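Descriptive structure summary
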Amino acid sequence: MKMKKVNILLVQDDAIYAELLCHAFDNRSQDVNLTTVKNLKEARASLVLSTPDLVIIDYVLPDGIGTELLRSDKGSDNKAMRFPVMILTDYGDQQVEDEVRKLVAIDYIVKSRDMLANLPYICDRALREWHYITEQKQTDKNIHKLTYYDILTGLPNRILFKDRLTLEIAHAKRNNTIIAVMFLDLDGFKDINDTLGHFVGDELLIKVAKKLTKTVRKNDTVTRHGDDEFSLLMPGITHIEDAAEMANKILETIRQPITLKGCKQHITTSIGIALYPVDSEDADTLLKNADIAMYHAKDQGRNNFQFYKPPLQGNAYMRMAMIDDLRQALIREEFMVYYQPQLNIK
């Protein structure tokens, strides 16, 4: 099987030493493409054109220190390096080595005959190490996404919502502000899901998620809480009316028709709202109270929002008790069916 060509950028101002470095790869079995430049300016220009598999750069160059290339590639937003870098120095220096390691270069090498003889193997090791680091970072990123984000919509999930809510409660306590927690349930989603299929239902959820994200403020958090349920975290509000205004915006947004399989579908949502610190100072309790308020909105005819009120909790418990009683009555066969005859006297 043909091995992949390795592209190496060599940054070395000493022409004789650069030639020695190139000759070190003469007997290498794998195909190597070497690009040689003399300074940082030429190195940066080369990197604009293409990204090498490996960079070998001298620590001291005519127009600066080799580590400046690492800093410029990471950029102001502190992104990770795009390629592995090996730094060459004329002699060992602990301060230089510490600087190189801090900037995430793969290797720090002192020039010598042994180094030239073993350079291909050193490069192989550097590339293997870089490949392992890159894979590990991607794995960690995937695990983080699976843990904290909903796979279907890409929204934060309930775990991340709970974390952010806990942090915002601490912030609100210090700044004496209000937090609104909203719980949303799509009205009629089950009918669409059962009639048009789960794939169409998933498409609907994705479109609703996009609508919600566009409607809320930049510092708000929209999550998919499960099935057809979404939640919204609104930190830093100063008036209860701010929550009501946002709820009305959401109701209007969701009411707009959504095209699914070429047909326009109409859905609505029922919203429950709980406020910090009015309804609770605890994250779990706020979520529970918003959920209770959402069921009250359902009872009020759907397509509306309701604020949590303490009596609603009693109603929720009564509803749960009634459902349990009905279930037990079915098991014990305590129901009797009566038929009322209908007569036509004409």
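A few points on the structure.

Definitions and limits used
Residues numbered from 1 in each chain as written. Predicted model: local features only at pLDDT ≥ 70, side-chain atom pairs only at ≥ 80, totals over all residues. Heavy atoms only, no water. Core = buried A, V, L, I, M, F, W, Y, C linked by side-chain atoms within 4.5 Å. Buried < 20%, exposed > 50% of the residue type's maximum accessible area, 1.4 Å probe, protein only. Helix = DSSP H or I, 4+ residues; strand = E, 2+ residues; numbered from the N terminus. Contact = heavy atoms within 4.5 Å. Axes fitted to C-alpha atoms, helices over the stretch in contact; angles between N-to-C directions. Parallel < 35°, antiparallel > 145°, perpendicular 65-115°, else oblique. Nonpolar A, V, L, I, M, F, W, Y, C, P; charged D, E, K, R; others polar. Pairing = 2+ DSSP bridges. Salt bridge = Lys/Arg side-chain N within 4 Å of Asp/Glu carboxyl O. Polar contact = N/O pair within 3.5 Å; in protein donor to acceptor, adjacent residues only side chain to side chain. Left-handed = near helix turned anticlockwise from the far one by under 90°.

**Things to note about the nonpolar core**
- Among the nonpolar cores identified, the biggest contains 32 residues, and Met-182, Val-208, Phe-230, Leu-232 and Ile-250 are the most heavily contacted of them.
- Broken down by secondary-structure element, the contributors of at least two residues to this core are strand 8 (178-187), helix 7 (189-196), helix 8 (198-215), strand 10 (229-237), helix 9 (240-255), strand 11 (258-260) and strand 13 (268-276).
- Among residues more than four places away in sequence, those in contact with Leu-232 are Phe-161, Ala-180, Val-181, Met-182, Leu-184, Val-216, Asp-220, Thr-221, Val-222, Met-246 and Ile-250.
- Counting residues in hydrophobic clusters, the runner-up holds 19 residues, among them Ile-8, Ala-24, Ile-56 and Ala-126.

**Focus on the packing of helix 7 against helix 8**
- With their axes 6 Å apart at the nearest point, helix 7 and helix 8 run at an angle of 140° to one another. Taken together, the axes of helix 7 and helix 8 lie oblique to each other. Contacts from Phe-189, Ile-192, Asn-193 and Leu-196 in helix 7 reach His-198, Val-200, Gly-201, Leu-204 and Leu-205 in helix 8.
- For the contact of helix 7 with helix 8, the class distribution of residues is 6 nonpolar, 3 polar and no charged.

**Things to note about the sheet that holds strand 9 (residues 221-226)**
- Spatial strand order, 9-10-8-13-14: 5 strands in an open sheet with mixed pairing. Across the chains shown, the open sheet's two edge strands, defined by having one partner strand only, are strand 9 and strand 14 (305-307). Sheet twist, expressed as the mean angle between neighbouring strand axes with direction ignored, is 20°.
- Sheet topology note: the strand 13/strand 14 ladder contains 3 bridges and is parallel. Within strand 14, the position partnered with Ile-271 by the bridge is Phe-305.
- Sheet strands touched by helix 6 (residues 158-175): strand 8, strand 9, strand 10 and strand 13. Its angle to strand 10, the strand with the most contacts, is close to 20°.
- Lying over the sheet, helix 10 (residues 283-299) contacts strand 8, strand 9, strand 13 and strand 14, oriented at roughly 145° with respect to strand 13.

**A word on the pattern of salt bridges**
- Inspection of the entire model under this criterion finds 11 salt bridges.
- In this structure, the salt-bridge partner of Lys-111 is Asp-58, at a minimum N-O distance of 2.6 Å. You can see Lys-111 sitting in the loop between strand 7 (107-110) and helix 5 (113-148) and its partner Asp-58 sitting in strand 3 (residues 54-58), a full 53 residues away along the chain.
- Among the ionic pairs, Asp-284 bridges to Lys-162, the shortest N-O distance being 3.1 Å. Of the two residues, Asp-284 sits in helix 10 while Lys-162 sits in helix 6, which places them 122 residues apart along the sequence.

**A short note on the environment of Tyr-276**
- Tracing the chain through its elements places Tyr-276 in strand 13.
- Given a relative accessible area of 4%, Tyr-276 falls into the buried group.
- Residues Tyr-276 and Ala-180, spaced 96 residues apart in sequence, show a C-alpha to C-alpha distance of 6.5 Å.
- In this structure, Tyr-276 is in contact with Ile-169, Ala-172, Lys-173, Thr-177, Ile-178, Ile-179, Glu-281 and Leu-286, ignoring residues within four places of it in sequence.

**A word on unusual backbone geometry**
- Residue Tyr-276 is joined to Pro-277 through a cis peptide bond whose omega torsion reads 0°.
- In this fold, Pro-277 is placed in the loop between strand 13 and helix 10.
- In the Ramachandran plot, Asp-227 falls in the positive-phi region, its phi being about 50° despite a non-glycine side chain.
- By the secondary structure assignment, Asp-227 is in the loop between strand 9 and strand 10.
- Judged by relative accessible area, which is 60%, Asp-227 ranks as exposed.
- Unlike most non-glycine residues, Arg-302 shows phi in positive territory, near 70°.
- The class of Arg-302 is partly exposed, set by a relative accessible area of 45%.

**Notes on the side chain of Thr-221**
- Inspection of the secondary structure assignment puts Thr-221 in strand 9.
- Judged by its relative accessible area of 6%, Thr-221 falls in the buried class.
- For Thr-221, the side chain forms a polar contact with the side chain of Arg-164, separated by 3.3 Å.
- Setting aside chain neighbours within four positions, we find Thr-221 in contact with Pro-156, Phe-161, Arg-164, Ser-231, Leu-232 and Leu-233.

**Describing the packing of helix 6 against helix 10**
- Contact geometry for helix 6 and helix 10: axes closest at 9 Å, N-to-C directions at 115°. When the interaxial angle is binned, helix 6 and helix 10 end up roughly perpendicular. Taken as a pair, helix 6 and helix 10 cross one another with a handedness that is right-handed. Between helix 6, through Phe-161, Lys-162, Leu-165, Thr-166 and Ile-169, and helix 10, the contact on the second element is made entirely by Ala-283, Asp-284, Leu-286 and Leu-287.
- Considered class by class, the residues forming the contact of helix 6 with helix 10 number 6 nonpolar, 1 polar and 2 charged.

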